[in-house]
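# Geometric and topological summary
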Amino acid sequence: MTPTPVAAPLELPCGTTLKNRLVKSSTSEGLATPSGGPSNQHLDLYRRWAHGGSGLVVTGGVMVDSEHRGEPGSVVVTDDRHLDMLRSWATAGTVNDTHLWMQLNHPGKQSPRSMNKYPVAPSAVPMAGRIGRYFADPRELTISDIDLIVWRFAYTALIARETGFTGVQIQAGHGYLINQFLSPADNLRTDEYGGDLEGRMRLLVEVYRAVRKKVGDDFPVSVRINASDGVPGGFGEEESLQVAQKLAELGVDVIEVSGGTYATPLMLGDEVDATGDTGEIFFGDQARRVREAVDVPVLVTGGFRCASDVEKGLEDGLGDLIGMARPMVLIPELANDIIVHGDRERVRLPRLTTHIESLDEHSESLVGISWYEMQMDRITDGRAIGGDGLAALWFAAKRHGVRAMFPRR
Ligand SMILES: Cc1cc2nc3c(=O)[nH]c(=O)nc-3n(C[C@H](O)[C@H](O)[C@H](O)COP(=O)(O)O)c2cc1C
């Protein structure tokens with residue numbers, strides 16, 4: 001029997017095959033130990049997602065430098081300190097023939113003041129917008145700093161491979177360091193890492209090449225890029241297409257298309273509707289353009305809420321793979337449901353509120369992110385989804401202290 005489009009396996013350029021077209025996209029878990037190691041909760045959470053049926057699960061952002069973390073509770077992999085737990089995490093997350101790819105990230109200047117007094121960036125351009133006050137002004141990276149960062153990405157990728165992760169994803173979007181280099185609004189450098197797109201893309205190209213060299217040609221390497229930063233004068237669709245073409249030329253296995261930064265959180269959907277459920281697929285048109293321009297599998301994430309969204313996305317050529325993040329936090333078995341039962345009710349994201357208007361207005365993205373982290377925590381010990389926005393803020397404060405109280409994503 002021919003599998004339905006969503007159940008069809010996909011062979012990647014490196015020769016590996018994903019068992020179907022559904023992906024649990026990256027969501028930072030906030031579950032790491034104080035020293036940045038994976039915890040037993042990671043094992044429970046990722047085992048559950050692996051049994052949930054997606055062909056691929058991407059981890060929350062793993063930091064490649066312990067001095068530079070994007071948010072509290074992220075895993076940090078810089079040396080051989082947590083190898084046993086990393087192995088256990090990879091084992092738990094790859095049951096049921098699931099691929100588990102580690103997302104590699106360096107936040108650059110998107111590292112809040114409460115965690116990092118000395119952030120770095122391509123140029124000494126402060127964080128824009130009303131969230132700027134939560135971030136210290138960054139220092140411009142030197143060439144030798146950049147060389148070290150390239151090496152760090154590659155080294156973390158090597159540890160991922162050696163501990164049993166079945167692939168890696170380089171985070172080059174969402175306003176983090178590599179994205180800052182790509183952006184003409186953030187990158188004012190006049191050396192070989194700035195200027196035209198070739199210069200601004202140099203860090204990404206070097207990171208990709210260094211990672212590929214360490215993990216080998218038979219190991220999946222994906223890159224997540226922005227369709228657009230949504231910032232005037234920032235990285236936009238034409239340049240995003242050119243970056244995708246360059247990555248394809250270099251031999252990337254999957255390009256994931258997303259968008260936005262902390263200041264312009266497009267990756268979470270329409271700001272007007274805090275549920276992010278407008279019925280629109282985020283970045284669908286750009287993902288289709290990328291797919292038409294390159295001969296590499298494209299993964300599109302954002303706004304998919306039910307089997308027919310997924311089927312239509314594949315049919316309309318928006319992507320070869322369809323990513324879901326919040327719906328799979330709410331329903332870890334959603335991929336099985338979609339593949340086995342086909343259409344079912346649309347997953348409705350809750351409209352989150354603390355019931356205190358000024359608090360909601362001030363911290364919409366913080367409430368949202370904290371609420372989803374609280375649900376990931378609940379999944380690990382089998383509790384049902386629950387709690388409101390205020391409970392989520394309380395949860396984040398208890399877990400991470402005041403460091404958690406700043407806008408995220
Ligand atoms: C709680 C939370 C944490 C997230 N963490 C990450 C992350 O670590 N790395 C990343 O690339 N995207 C992250 N994202 C963005 C998601 O991968 C995804 O792009 C976004 O939620 C839109 O997809 P959805 O509509 O299916 O939820 C996060 C989103 C949420 C809600």
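All figures in this text were calculated on a predicted structure; none of them were measured in a lab. (Residues numbered from 1 in each chain as written. Predicted model: local features only at pLDDT ≥ 70, side-chain atom pairs only at ≥ 80, totals over all residues. Heavy atoms only, no water.)

Below, the discussion takes up the domain arrangement of the protein. When its domains are assigned, the protein resolves into domain 1 (16–349) and domain 2 (350–409). For domain 1 versus domain 2, the separation of C-alpha centres amounts to 22 Å. (Domains from an automatic or database assignment.)

So, on to helix 6 (residues 202–215). Here helix 6 contains 14 residues, and its C-alpha end-to-end distance of 20 Å stays within 8% of the 20 Å for a straight helix at 1.5 Å per residue. For helix 6, the full list of buried residues reads L203, L204, V205, V207, Y208, A210, V211, R212 and V215. Where helix 6 terminates, the next one or two residues include G216, which has phi positive at roughly 90 degrees. (Helix = DSSP H or I, 4+ residues; strand = E, 2+ residues; numbered from the N terminus. Expected span 1.5 Å × (residues − 1). Buried < 20%, exposed > 50% of the residue type's maximum accessible area, 1.4 Å probe, protein only.)

Here we come to the sheet that holds strand 10 (residues 254–258). As summarised here, the arrangement of the 8 strands in space is 3-4-5-8-9-10-11-12, forming a closed barrel in which the pairing is parallel. Across the sheet, the mean angle from the axis of one strand to that of its neighbour is 25 degrees, orientation sign disregarded. Where strand 3 (residues 22–24) meets strand 4 (residues 56–63), 2 bridges bridge the pair, whose relative direction is parallel. Following the sheet pairing, V23 is matched in strand 4 by L56. Here helix 1 (residues 40–51) sits on the sheet and contacts strand 3, strand 4 and strand 5 (99–105); the angle it forms with strand 4, its principal contact strand, is near 155 degrees. (Pairing = 2+ DSSP bridges. Axes fitted to C-alpha atoms, helices over the stretch in contact; angles between N-to-C directions. Contact = heavy atoms within 4.5 Å.)

Turning our eyes to something else, we now look at the site of the ligand. Among the 24 residues in the neighbourhood of the ligand, the closest are listed as S26, S28, Q171, R224 and R326. Protein contacts shield 99% of the accessible area of the ligand, which totals 620 Å² for the unbound molecule. Elements that contribute at least two residues to the shell around the ligand include exactly strand 4, helix 10 (326–330) and helix 13 (364–380). For the shell around the ligand, the per-class residue count stands at 8 nonpolar, 12 polar and 4 charged. (Near = heavy atom within 4 Å. Areas by Shrake-Rupley, 256 points an atom, 1.4 Å probe, with all protein chains shown as cover. Nonpolar A, V, L, I, M, F, W, Y, C, P; charged D, E, K, R; others polar.)

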